[in-house]
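Architecture and fold: a report
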Amino acid sequence: RLARLIATAPVSSSSHPEARPLSPAPPARPHEGLRVLVADDEMTNRQILRRLLTREGCAILEASDGLEAVELFARNRPDCVLLDVMMPGMDGIEACRRIKQASQADFVPVIFITALYREEDLVRCIAAGGDDFIGKPVSGAVLSAKMTALDRIRRLHATVRVQSDE
């Protein structure tokens, strides 16, 4: 009975000045202002990713193939790139190689969004310069977590680069 009373007893900050939530609430839009390039030949997949990412505060650029993705990257220099592997014309593997080459000293995370699950396919994604991959169908929670982790690395890389230049 005592455990039930303790568990259900209200705790107010006025009666317990040190009482505070165990962890801060996550920001409503955790990726506010992050510019993300999404490349997928399927419009439905782009729409799903656009909806997930705009809810998180991202600004979205969209490409329907690898060549368009490389061109958009060169013109807009987004903070992160999401690439489908299998696209007509230039596939995501080649687009990743070109994007990584164009990014030069900047760290621009590339996450492959793919229906491929064979080990050798995933190894090719990473070997081409990809930083991570997510299987289709995309989980919004997994996408957000991976983007948070890679954006943390991107910002750290930028800080180290500035300090090195100084």
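Procedures and definitions
Each residue is numbered by its place in its chain's sequence as written, counting from 1. Only residues with pLDDT of 70 or above have their local features reported here, since the model is predicted, and side-chain atom pairs are shown and tallied only from 80 upward, although totals for entire chains, interfaces and linings are computed over all residues. Hydrogens and waters are ignored; side-chain quantities use all the structure's heavy atoms. We count a salt bridge whenever a side-chain nitrogen from Lys or Arg sits within 4 Å of a carboxyl oxygen from Asp or Glu. Secondary structure counts use DSSP, requiring at least four H or I residues in a row for a helix and at least two E residues in a row for a strand, with both numbered from the N terminus. Relative accessibility decides the category of a residue: with a 1.4 Å probe and only protein chains considered, values under 20% of the type maximum give buried, values over 50% give exposed, and everything between is partly exposed. Each residue after the first adds 1.5 Å to the expected span of a helix. Note that the arc is defined by the directions from the helix axis to the C-beta atoms. It only takes one pair of heavy atoms within 4.5 Å for two residues to be counted as in contact. Working definition: rings of Phe, Tyr and Trp (its six-membered ring) pair if their centres are within 6.5 Å, and the pair is stacked with planes under 30 degrees apart, edge-to-face with planes over 60 apart, and tilted otherwise. When the NZ atom of lysine or the CZ atom of arginine is within 6 Å of a ring's centre and also within 35 degrees of its normal, the charge is said to sit over that ring. Note on geometry: axes are lines fitted to C-alpha atoms, helical ones only across the stretch in contact, with angles between N-to-C directions running from 0 to 180 degrees. Angles are sorted into four bins: roughly parallel if under 35 degrees, roughly antiparallel if over 145, roughly perpendicular if 65 to 115, and oblique for all others. Classification convention: Asp, Glu, Lys, Arg as charged; Ala, Val, Leu, Ile, Met, Phe, Trp, Tyr, Cys, Pro as nonpolar; all other residues, Gly among them, as polar. Values of pLDDT, which run from 0 to 100, indicate the predictor's confidence residue by residue. Whether two strands pair comes down to DSSP finding at least two bridges between them. Place the viewer so that the strands point away; then a crossover is right-handed whenever the path from the first strand over the helix to the second strand goes clockwise.

The next thing to look at is the pattern of salt bridges. Side-chain pairing between opposite charges can occur once the charged atoms of the two side chains come close. Under the criterion given, the structure shown has 16 salt bridges. A salt bridge links Arg154 to Asp79; the nearest nitrogen and oxygen atoms lie 3.6 Å apart. Linking Arg154 in helix H6 (residues 140-165) with Asp79 in the loop between helix H3 (66-76) and strand S3 (80-84), this pair joins segments that are 75 residues apart in sequence. With respect to class, Arg154 is no different from Asp79; both count as buried. Across the pair Arg118 and Glu120 runs a salt bridge, and its minimum N-O distance is 3.2 Å. Note on Arg118: relative accessible area 49%, which makes it partly exposed. Under the relative-accessibility criterion, Glu120 is labelled partly exposed at 46%. Each of Arg35, Asp79, Asp151, Arg154 and Arg155 takes part in salt bridges that share partners, so that together they form one network.

This brings us to helix H4 (residues 92-103). With 12 residues, H4 should reach 16 Å at 1.5 Å per residue; the first-to-last C-alpha distance of 16 Å fits that figure. Within H4, the full set of buried residues consists of Gly92, Ile93, Ala95, Cys96, Ile99 and Ser103. The buried residues of H4 occupy an angular sector of 160 degrees when projected down its axis, which confines them to one face. Where H4 is buried, its residues meet H3, S3, strand S4 (110-114) and helix H5 (119-127).

Throughout the structure, instances matching the rule amount to 0 aromatic pairs. Directly above the ring of Phe133 sits Lys146, whose terminal nitrogen or CZ lies 5.9 Å from the centroid.

Quick look at the side chain of Asp79 now. For Asp79, a relative accessible area of 12% gives the class buried. Dropping the residues within four chain positions of it, Asp79 is found in contact with Gly33, Leu34, Arg35, Val108, Pro109 and Arg154.

Turning our attention to the packing of H3 against H4. In helix packing, the relevant descriptors are the interaxial angle and the interaxial distance, both defined with respect to the helix axes. It is at 9 Å that the axes of H3 and H4 come closest, and there the two elements cross at 10 degrees. Between H3 and H4, the angle is such that the two are roughly parallel. Touching Gly66, Ala69, Val70 and Phe73 of H3 are Ala95, Arg98, Ile99, Ala102 and Ser103, all from H4. For the contact of H3 with H4, the residue count by class is 6 nonpolar, 2 polar and 1 charged.

For the rest of this paragraph, the subject is the confidence of the model for the chain. Summing up the model confidence of the chain, the mean pLDDT is 85 and the portion of residues at 70 or higher is 83%. Long-range and interchain partners of residues 1-17, a stretch whose pLDDT sits below 50, account for 3 contacts in this model, where long-range means more than four residues apart.

If a strand is regular, its side chains alternate between the two faces of the sheet. Counting buried residues along strand S1 (residues 35-39), 4 of its 5 residues qualify, which places the element largely inside the surrounding structure. Sheet topology places S1 next to strand S2 (residues 59-63); 5 bridges connect them, and they run parallel. Looking at S2, one finds that Leu37 is bridged to Leu61. As a crossover connection, the stretch from S1 through helix H2 (residues 43-55) into S2 is right-handed. Bridge analysis of S1 against S3 gives 4 bridges, and the strand direction is parallel. Across the sheet, Val38 pairs through a bridge with Leu82, a residue of S3.

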